[in-house]
Structures are given as structure tokens and as C-alpha cells.
Amino acid sequence: MDADSDGGDEIVRLTAWVRGRVQGVGFRWWVRARALELGLAGSATNLSDGRVEVVAEGPRERCRRLLDLLTGDDSGGDALTARPGKVTGVAERWSGARGEAAGFVER
């Protein structure tokens, strides 16, 4: 099965709102590092209600991998890759890519 047959190479936009203890703990920095490793463009932004909004654009499969990192149980990993804080929930929205500038920024 090639990557095109499941839409894995389709360029998409993932917007995820992450709840929990995710501000003031290095969470946006961690998201940026993981997104850059996956070759995604976008941003991680603190919201006034305590959530972090993550916007990522790139191939659907890579965006799915980032979402898995955001939502998954983070019981492993070393000090550099372990997800900081405590995620209690993630809401997601998928849409067409808007052409984010290259790179990934913390806001």
C-alpha cells in the first residue's frame, strides 16, 4: 500500500486545543521540538483560559503522529523528549492547509 492511497501525504491543517497543566511547564517548547522533528509548520500558543492551541500543517500522517504525541500516555521518554506538564484532554479540528510559513513558533 502506498502512502497516497490512505491520504497520508495529503497536506492538511491540524488545530488542537490541549487542556491540563500545560502552561508554564515548557509544553510549547516541547510541542515545537516534536513538530520540527516531524517537519511540520505552525505554532503553539498559550490561551487565556489555560489551554494551549497547537496549529500544525504538513502531511496528514505526520500531523496524526503529532496528535498522538499530544494525546498519548507519556509514561516513558528521557528528560529531553518526555512531555512536560499533564494533559487532561485534547480537542482537535482538521481542515485544509492555509500555507503556514516554514518553521514552528511559540506564541
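This structure is a prediction, so every number in the text was calculated from the model and none was measured.

Thresholds, definitions, all that
Residues numbered from 1 in each chain as written. Predicted model: local features only at pLDDT ≥ 70, side-chain atom pairs only at ≥ 80, totals over all residues. Heavy atoms only, no water. Salt bridge = Lys/Arg side-chain N within 4 Å of Asp/Glu carboxyl O. Helix = DSSP H or I, 4+ residues; strand = E, 2+ residues; numbered from the N terminus. Core = buried A, V, L, I, M, F, W, Y, C linked by side-chain atoms within 4.5 Å. Buried < 20%, exposed > 50% of the residue type's maximum accessible area, 1.4 Å probe, protein only. Contact = heavy atoms within 4.5 Å.

> Help me out: how do you make sense of the pattern of salt bridges in this one?
Side-chain pairs of opposite charge can arise where the charged atoms are in close proximity. A complete count under the given rule lists 5 salt bridges for this structure. Taking the shortest distance from any N to any O, the salt bridge between E37 and R34 comes out at 2.8 Å. With a gap of 3 residues between them, E37 and R34 both fall in helix α1 (residues 27-37), about one helical turn apart. Among the salt bridges present, the one from R51 reaches D49, with a minimum N-O distance of 2.8 Å.

> Just checking my understanding: could you explain the nonpolar core for this structure?
Grouped burial of nonpolar side chains is what soluble globular proteins tend to show. Core analysis: the biggest nonpolar cluster contains 21 residues, and F27, V31, V54, L66 and L70 have the highest contact counts within it. Every element with two or more residues in this core is listed here: β1 (11-21), α1, β3 (52-59) and α2 (60-71). Beyond its immediate sequence surroundings of up to four residues, F27 is in contact with V18, V22, V52, L70, R83, P84 and V87.

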